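Structural overview
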Amino acid sequence: MKKHRGIISLGAVLSFCLLFPITASANSSWHWISAKKPYELLFIIAPLTITAEFAAINFIPQIRRPKKVLLVVGAANLASFLAPYLLLLLDDRLIYDIPYETTVLTLGQICDSIPFYNVGVTFLIITLCVELPIVFFALQNDCEKKRRLLLTIIGANVVTTGLCALAERLLCYGEW
């Protein structure tokens, strides 16, 4: 049963995400004024986030396996950064707000039609639901203090998500 804990957790996270989809019900007249749009910051913020979380998770619980921690944190962050966008792709109601007449929507078209910032409380919840089980179950055997590992994962994600939200709000702005 212990071997399948990660698979069960991942299944629970995916079920949670499918049961509670992210929807955008807003006026389609919103447009971004800034040169950068929130989803374009992802490629700048992702390496910084991975570095910060790696440092916290490797040194605070004293795991002492940097290659494994970096690999696990990188994979978990990839999953958590993509999860909100994949949920947007799965949301059929979003298609009606997009002014393009195409059958295949690009990520840019979907994100341009969203009149709000991407990183917020919902993003943090999704991030924790995705990253927490992946990182914790992958590293729990390499750590003597599991509670410290758990709290470090949560704390690192709260801090990095907060910094992402702050950067997004300072660098991106739009109007109706």
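Structural data are supplied above this passage.
Figured I'd write up the structure that's included with this text.

Cut-offs applied
Residues numbered from 1 in each chain as written. Predicted model: local features only at pLDDT ≥ 70, side-chain atom pairs only at ≥ 80, totals over all residues. Heavy atoms only, no water. Helix = DSSP H or I, 4+ residues; strand = E, 2+ residues; numbered from the N terminus. Polar contact = N/O pair within 3.5 Å; in protein donor to acceptor, adjacent residues only side chain to side chain. Contact = heavy atoms within 4.5 Å. Buried < 20%, exposed > 50% of the residue type's maximum accessible area, 1.4 Å probe, protein only. Axes fitted to C-alpha atoms, helices over the stretch in contact; angles between N-to-C directions. Parallel < 35°, antiparallel > 145°, perpendicular 65-115°, else oblique. Left-handed = near helix turned anticlockwise from the far one by under 90°. Nonpolar A, V, L, I, M, F, W, Y, C, P; charged D, E, K, R; others polar. Core = buried A, V, L, I, M, F, W, Y, C linked by side-chain atoms within 4.5 Å. Salt bridge = Lys/Arg side-chain N within 4 Å of Asp/Glu carboxyl O. Phe/Tyr/Trp six-rings, centres within 6.5 Å; stacked < 30°, edge-to-face > 60°. Patch = residues over 30% accessible without salt bridge, like charges linked within 9 Å, V, L, I, M, F, W, Y side chains within 5 Å. Areas by Shrake-Rupley, 256 points an atom, 1.4 Å probe, with all protein chains shown as cover. 1 Å grid on protein atoms, 1.4 Å probe; cavity = no way out; pocket = protein on both sides within 12 Å on 5 of 7 lines; lining within 4 Å. Points joined across faces, edges and corners; volume = space filled by probe spheres on them.

**Some details on the side chain of Asp 142**
You can see Asp 142 is positioned in the loop between helix H5 (121–139) and helix H6 (146–171). Of the polar contacts made by the side chain of Asp 142, one reaches the side chain of Arg 65; its length is 3.0 Å. Not counting chain neighbours up to four residues away, the residues in contact with Asp 142 comprise Ile 63, Arg 65 and Lys 68.

**Let's talk about unusual backbone geometry**
One non-glycine residue, Gln 62, lies in positive phi territory at about 55 degrees. Structurally, Gln 62 can be placed in the loop between helix H2 (42–59) and helix H3 (66–90). Using a relative accessible area of 44% as the deciding quantity, one classes Gln 62 as partly exposed. One non-glycine residue, Arg 64, lies in the positive phi region at around 65 degrees.

**Side note on the packing of H2 against H6**
The relative placement of two packed helices comes down to the angle between their axes together with the axis-to-axis distance. It is the contact of H2 with H6, at a shortest axis distance of 9 Å, that shows an interaxial angle of 155 degrees. Between H2 and H6, the angle is such that the two are roughly antiparallel. The element H2 and its partner H6 pack so that their crossing is right-handed. Contacts from Ile 45, Thr 49, Ala 52, Glu 53, Ala 56 and Ile 57 in H2 reach Leu 149, Thr 152, Ile 153, Ala 156, Asn 157, Thr 160, Cys 164 and Ala 167 in H6. Of the residues assigned to the contact of H2 with H6, the class counts are nine nonpolar, four polar and one charged.

**Focus on the nonpolar core**
Counting 13 residues, the largest nonpolar core has Ile 57, Ile 63, Val 69, Val 135, Leu 139, Leu 149 and Ile 153 as the members making the most contacts within it. For this core, the secondary-structure elements that each account for two or more residues are H2, H3, H5 and H6. Sort the elements by how many residues they give to this core and H3 lands first, with four residues. Dropping the residues within four chain positions of it, Ile 153 is found in contact with Ile 57, Leu 132, Val 135 and Phe 136. Counting ten residues, the second-largest nonpolar core is a separate cluster that includes Leu 41, Ile 45, Cys 164 and Cys 172.

**Points about the pattern of salt bridges**
All chains considered together, the criterion is met by three salt bridges. Here Asp 142 makes a salt bridge to Arg 65, at a shortest N to O gap of 3.0 Å. Note that Asp 142 is positioned in the loop between H5 and H6 and Arg 65 in the loop between H2 and H3, a separation of 77 residues in sequence. In this structure, Arg 169 and Glu 168 form a salt bridge, with 3.4 Å as the shortest nitrogen-oxygen distance.

**Let's talk about the packing of aromatic side chains**
Taken as a whole, this structure holds one aromatic pair when the rule is applied. Relative to Phe 137, the ring of Phe 136 lies with its centre 5.6 Å away and its plane at 70 degrees, an arrangement referred to as edge-to-face. Note on Phe 137: relative accessible area 24%, which makes it partly exposed.

**Some thoughts on the environment of Pro 47**
Position of Pro 47 among the secondary structure elements: in helix H2. The spatial distance from the C-alpha of Pro 47 to the C-alpha of Gly 74 is 8.8 Å, given a sequence separation of 27 residues.

**Some remarks on the environment of Ala 12**
By the element assignment, Ala 12 lies in helix H1 (residues 5–19). Considering only alpha carbons, one finds Ala 12 and Pro 133, 121 residues apart in sequence, at a separation of 9.9 Å.

**Structural notes on a nonpolar patch on the surface**
On the surface, Val 159, Leu 163, Leu 166, Leu 170 and Leu 171 cluster together into a nonpolar patch covering about 510 Å² of accessible area. Within the secondary structure, Val 159 is located in helix H6.

**Things to note about empty space enclosed by the protein**
Per the counting criterion, the structure on display carries two cavities of 30 Å³ or more. Thr 49, Phe 81, Phe 123, Thr 127 and Thr 161 are the residues nearest the centre of the second largest cavity, which is lined by 13 residues in total. Mapped onto the lining of the second largest cavity, the elements with two or more residues apiece are H2, H3, H5 and H6. Sort the elements by how many residues they give to the lining of the second largest cavity and H6 lands first, with four residues. When its residues are assigned to classes, the lining of the second largest cavity shows four nonpolar, seven polar and two charged.

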